[in-house]
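Report on the structure
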Amino acid sequence: MLTSGPSRRAVLAATAATAAVTAVASFPAVAAAAGSPSPSYRWRQVVIGGTGFVSGVLFHPSVRGLAYARTDIGGAYRWDDRSARWIPLNDDLGWDDWNLLGVEAMAVDPAHPDRVYLALGTYTQSWAGNGAVLRSEDRGATWARTDLTVKLGGNEDGRGTGERLLVDPRDSDTLWLGTRHDGLLKSTDRGATWSTASGFPGTPSAGGQGVTLLVAAGRTLYAGWGDSDGTTPNLFRTADGTTWEAVPGQPSGTAAKVPIRASYDCHTRELYVTYADAPGPNGQSDGSVHKLATGKGSGTWTDVTPVKPGGTTSDGSSDTFGYGGVSVDARRPGALVVSTNDRWAAGDTVYRSTNGGRTWTSLKDSAVLDVSETPFLTFGADRPKFGWWIQALALDPYDSQHIVYGTGATLYGTRDLKHWAPQIRGLEETSVRHLISPPTGQAHLLSGLGDVGVMYHERLTASPSRGMASNPAFGSATGLAQAAAKPSYVVRTGFGDHGNGAFSNDGGRTWAPFATQPALAKDAPGPIAVNTDGSVLLWTFVHWDGTKYPAQRSTDNGAGWSEVPTFPKGATPVADPADPRRFYAYDTDTGTLYASTDGGLSFTAGATGLPSGDTQFELVAAPGRVGDLWLSVKWNGLYRSTDGGATFTKLTSCWASYTLGFGKAAEGADYPALYLVGSTESITAVYRSDDEARTWVRINDDRHQWGWIGETISGDPRVYGRVYIATNGRGIQYGDVV
């Protein structure tokens, strides 16, 4: 997935409350007593189907129908053959473990079918935590954990290489883990403890790829090295687990600079290796496929590259690409599949050979793609692509015609080498930016997403039938807003090639682009707000580098725009849900609330001295009320204003608030239910309040935490107790009271 996690490079000190900020709580109670029973919730995922980069897929060699998949920001999954769906394995990772939702590598033990191992860690930067290894004796139902002293990069360049984790074929107690910056690690107690492997020749560096793959060919271990310049060795082996050597005669040059993946044919005793000039999934322009004879004629290398990169397509484009996945057929000697990667001109494909790589067939050329179960895969076009970023590729060891490959948005599978469809049920990897639960209409949910735009969820249990919102289609959504008193009117903004803003008059079913847009919109489309009757739009602009620009205002449905000089640059506009003349904006640079009472023509400062310095501080307005504002300022707490932002009061019922939303009021209550991602005691979790934030009850549990969930949250105005949670890599989770 392209979307990275939220930056935690700095921890900001709390800003002292001054001016119009009250230091005492508005309510005397703190939170529900620790012993109070929490309501029982049933948690499910809103079905979209994939949407992110599947970086690895692995069939178990000893168990029919058992497979695992890994993602770059959404954890790992186990395939359940009976239900034909993926089971998430890491939803128990909580707020403090957000960096472990990126899976660097996975491994199974052929001799012990219930054992599975995961190497977790999303980023290697200084602001990210160290990695961890999880080990399971029950196929991921439960885990034991070992925290590492090194960092792993499951969402960095090279995340589609691998696998970097391996169970030693000579001893199931011995595991090997290839790291990016800390060399090769070894465990002799099934992953409980780790130490640097002695004798390994690769010299790690702070900015390198390190060990890109580990594979067993019989009893010999091979390790790919990602930091070669194309002239020095990049493939090493050991026969005894102690003494390593560079594999003689190995290919060199730009096309064989980085070993990407490897697969061993035990029948022909040949090791196949894919290469590229960069680790990918982006930035590749050359590559190759080679095989090494490890049995009779041992040591002989053969170039079996299906198509050399660098040709010219029919439109004159340069056909540059690397090679990605490779998987041999366990049932048919000499049969295997390989994939191209980063082939944007001609399009990526999967090649198949049945004669050891002497000849190849492109499976894309005869492919019939059926994406009816996940219609968004057309990306607003007439038909879907075969795929891109294909580095995860696996051939079922029990079915020679069952092939699965990952793309930047899904997993495709076939059972006959011709007909392909997403094999993605249960795997949800969206990074979610915006959630709206409309008060009326067929859809209970509209969503704004990273990479896949905006969606209208007419059902929560099926991928939206309209796919991505089109006319125009967006990549990542940056804004989504609905007129509170006119819910049929919805607007959206985002990154796109054919316009960056659009409106809908039917609740988000169909769209039309704004007639005009400010010049800034193409490169810096920020969030948008619409007043309660749909007559005024406010659009703000923030460049990807953080540069902030003045807001623009439209009173004619986007036909014309004018600058609002008094609006704080880069702030997120918030419309009052009851008064069409009122808008609000929180200036996170200065800790000042700005308000407009003339339909967004001008803004004046209200409360000052509020916490500042973090663009993720969030202001929301309570539905159906004038000037009832709630301000989440992370570990600085939760503030409330009932006078349109003139003054704010800090609440003491929670000590941290990251995002806050509203839903249908409890029976007998006269205020909407509040939903909070924050902390009332020691744990950051999901809470609900039915008494205007006097008390809170936790509604998620330790099995349902989903890492970082601080982007947005929304209750349902029509269903009491229902809540929708935005995750950063596990899609949209929703809970209902049992």
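Higher on the page you've got the structure.
Below is a summary of the structure that appears in this document. (Residues numbered from 1 in each chain as written. Predicted model: local features only at pLDDT ≥ 70, side-chain atom pairs only at ≥ 80, totals over all residues. Heavy atoms only, no water.)

**Some words on the environment of Ser 362**
You can see Ser 362 is positioned in strand S28 (residues 361–362). Remark: the alpha-carbon pair of Ser 362 and Gly 715, spanning 353 residues in sequence, is separated by 48 Å. When neighbours within four sequence positions are excluded, Ser 362 is seen to be in contact with Thr 349, Val 350 and Tyr 351. (Helix = DSSP H or I, 4+ residues; strand = E, 2+ residues; numbered from the N terminus. Contact = heavy atoms within 4.5 Å.)

**Considerations on the pairing of strand S41 (residues 525–530)**
Counted residue by residue, S41 has 6 buried out of 6 residues, so it is predominantly covered. One ladder, built from 4 bridges, connects S41 with strand S42 (residues 537–542); its direction is antiparallel. In the strand pairing of S42, Ala 529 is matched with Leu 538. Joining the antiparallel neighbours S41 and S42 is a turn of 6 residues, in which Gly 534 adopts a positive phi near 80°. (Buried < 20%, exposed > 50% of the residue type's maximum accessible area, 1.4 Å probe, protein only. Pairing = 2+ DSSP bridges.)

**A look at the layout of surface pockets**
Here the second largest pocket is characterised by a volume of approximately 1,100 Å³. If you go around the second largest pocket, you meet 40 residues; those closest to its centre are Leu 58, Pro 61, Val 215, Ser 263 and Tyr 264. At the level of secondary structure, the elements contributing two or more residues to the lining of the second largest pocket comprise strand S3 (54–59), strand S7 (103–109), strand S11 (165–167), strand S15 (211–217), strand S19 (258–265), strand S25 (322–328) and strand S30 (393–395). Here the lining of the second largest pocket gets 5 residues from one element, more than from any other, and that element is S19. Looking at the lining of the second largest pocket residue by residue, the classes come out as 28 nonpolar, 6 polar and 6 charged. (1 Å grid on protein atoms, 1.4 Å probe; cavity = no way out; pocket = protein on both sides within 12 Å on 5 of 7 lines; lining within 4 Å. Points joined across faces, edges and corners; volume = space filled by probe spheres on them. Nonpolar A, V, L, I, M, F, W, Y, C, P; charged D, E, K, R; others polar.)

**Focus on empty space enclosed by the protein**
One pass over the full model with this rule turns up 2 cavities of 30 Å³ or more. One number sums up the size of the second largest cavity: a volume of about 30 Å³. Together, Gly 94, Trp 95, Thr 684, Ala 685, Asn 700, Gln 705, Gly 707 and Ile 709 line the second largest cavity.

**Brief notes about the pattern of salt bridges**
Opposite charge on two side chains lets them pair, provided their charged atoms get close. For the structure on display, the rule yields 32 salt bridges. The closest approach of N and O atoms between Asp 72 and Arg 159, which form a salt bridge, is 3.1 Å. One end of the pair, Asp 72, is in the loop between strand S4 (67–71) and strand S5 (76–80); the other, Arg 159, is in the loop between strand S10 (144–147) and S11, with 87 residues separating them in the sequence. For Asp 72, a relative accessible area of 0% puts it in the buried group. Here Asp 168 and Arg 170 are joined by a salt bridge, their closest N and O atoms 2.9 Å apart. For Asp 168, a relative accessible area of 5% gives the class buried. Look at Arg 170 and you get partly exposed, because its relative accessible area is 23%. Salt bridges here are not isolated pairs; linked through shared partners, they connect Asp 109, Arg 115, Glu 137, Asp 173 and Arg 190. (Salt bridge = Lys/Arg side-chain N within 4 Å of Asp/Glu carboxyl O.)

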